[in-house]
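Observations on the model geometry
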Amino acid sequence: MQHTVSKIVTLSGVGLHSGAETVLNINPASASSGLVFVRVDVADKDNIVPAKWNHVVDTRLCTVVGNKDGVTVGTIEHLMAALAACGVDNAVIELDGPEVPIMDGSAEPFIEAILDVGLKAQAAPRRGIKILKEVSVRDGDKIVTLKPGIGSRYQIEIDFPHPEIGRQSAQIDMFSGDFINQIAEARTFGFLHEVNALRAMGLALGGSLENAIVLDTDSVMNPEGLRCPNEFARHKVLDAVGDLYIAGGPIVGQFEASKPGHNMNNLVLRELFSQPDAWAFVDLYMDHVPEVDLPVMSCASETSVLKVAVRA
Ligand SMILES: [Zn+2]
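Residues numbered from 1 in each chain as written. Predicted model: local features only at pLDDT ≥ 70, side-chain atom pairs only at ≥ 80, totals over all residues.

**Overview of the overall build of the protein**
The helix and strand tally for the protein stands at six helices and 20 strands. Taking 2.2 N^0.38 as the reference for a compact globule, 312 residues should give roughly 20 Å; the C-alpha atoms of the protein span a radius of gyration of 18 Å, in line with that estimate. For the protein, the spread of C-alpha atoms along the principal axes amounts to about 50 × 45 × 40 Å. In the protein, buried positions account for 46% of the 312 residues. Taking contacts inside the protein between residues at least 6 apart in sequence as the whole, the part at least 24 apart equals 75%. (Helix = DSSP H or I, 4+ residues; strand = E, 2+ residues; numbered from the N terminus. Rg over C-alpha atoms; globule rule 2.2 N^0.38 Å. Buried ≥ 20, exposed ≤ 12 C-beta atoms within 10 Å, placed from the backbone. Contact = placed C-beta atoms within 7 Å.)

In structure tokens, the structure reads:
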């Protein structure tokens, strides 16, 4: 079954890049209407921006969607990951500014707010996007691949020449329900020298140790430290889940990546949808409604068991 939120979910906070304070309302929406942003502060132009892969207009610092009038919504990826984790298929997401609030830099505050309100089942089958043929995009040593496979599996490896990061990996199966205790709390991260350069360009204006892990040349600057030793790789999984959810439904298959980013995540979807024989819509038959009481993130890295039935 498809799901929407049972009532309006309201969150507010600062945008990571714009520094703008915005209020976000996630409203119930009809079956098969998908995820759509409405910029309620824009009156003189088209203010509707679909949260779809083919509306992505910028991926340099975050994922930005836009419409033909140039109206945009930035930093959608953590909210999209939360909607994926909660199984929300349809919502009208009202926002009174240019950027989704960053909250604590993870997906957890969005998930908590959505589950506090609860979901409403809708009389239509949930639609997934089944990968039928391997597709890849590559940029130097960065590679992102979608492959046929069971479940909705994300596997990512990163390698940063920093003593706190180095080579690390993380994986999840979205159909296991483990996103919430394995990935949801992993925060975005940045390097102090980059933050200073971005600020000089009028970006990262809302960034702070309250909403991002910040690294100086050899250490994590946040006094509370990391939530998991591989929080960085886990956050890259979170970003990929959010960036792939705007395909229009859950991916049925495997996402494998080495050193991915928002650009590669969007390019692999564009490559997939350019090949009609590489994918197909499938109806999904599963009922996973996450627990309302959110667990603390488990740093154990066991691979989750697949618990989904997919009828092609
Ligand atoms: Zn992120």
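Next comes the rest of the write-up.
**Quick word on the pairing of strand 12 (residues 135–139)**
Of the strand pairs in this sheet, strand 12 and strand 13 (residues 142–147) are connected by five bridges, and their pairing is antiparallel. Bridged to R138 within strand 13 is I143. Connecting strand 12 to the next strand, strand 13, in antiparallel fashion are two residues, including G140 with a positive phi near 65 degrees. (Pairing = 2+ DSSP bridges.)

**Examining the sheet that holds strand 7 (residues 64–66)**
Sheet architecture is open: three strands sit in the order 6-7-8, paired in antiparallel fashion. One side of each edge strand has no neighbouring strand; the edge strands of this open sheet are strand 6 (56–58) and strand 8 (72–73). For strand 7 and strand 8, the ladder comprises two bridges, and the chain directions are antiparallel. Looking at strand 8, one finds that V65 is bridged to V73.

**A word on the sheet that holds strand 5 (residues 48–50)**
Strands in a sheet are paired, the pairing made by backbone hydrogen bonds, and the direction either parallel or antiparallel. Read across the open sheet, the five strands follow the order 2-3-9-4-5; overall the sheet is mixed. Where the open sheet ends on each side, the last strands, each with one partner, are strand 2 (9–14) and strand 5. Averaged over neighbouring strand pairs, the angle between their axes works out to 20 degrees when direction is ignored. Bridging between strand 4 (residues 35–39) and strand 5 involves three bridges; their strand directions are antiparallel. Directly across from V36, in strand 5, lies its bridge partner P50. (Axes fitted to C-alpha atoms, helices over the stretch in contact; angles between N-to-C directions.)

**So, the domain arrangement of the protein**
If you check the domain split of the protein, you get domain 1 (2–122) and domain 2 (126–311). A straight line from the C-alpha centre of domain 1 to that of domain 2 covers 18 Å. Across the boundary between the two partners, domain 1 contributes 37 residues, which contact 37 residues of domain 2. Elements represented by at least two residues in the side of domain 1 that touches domain 2 include exactly helix 1 (77–86) and helix 2 (108–117). In terms of residue count, the dominant contributor to the side of domain 1 that touches domain 2 is helix 1 (eight residues). (Domains from an automatic or database assignment.)

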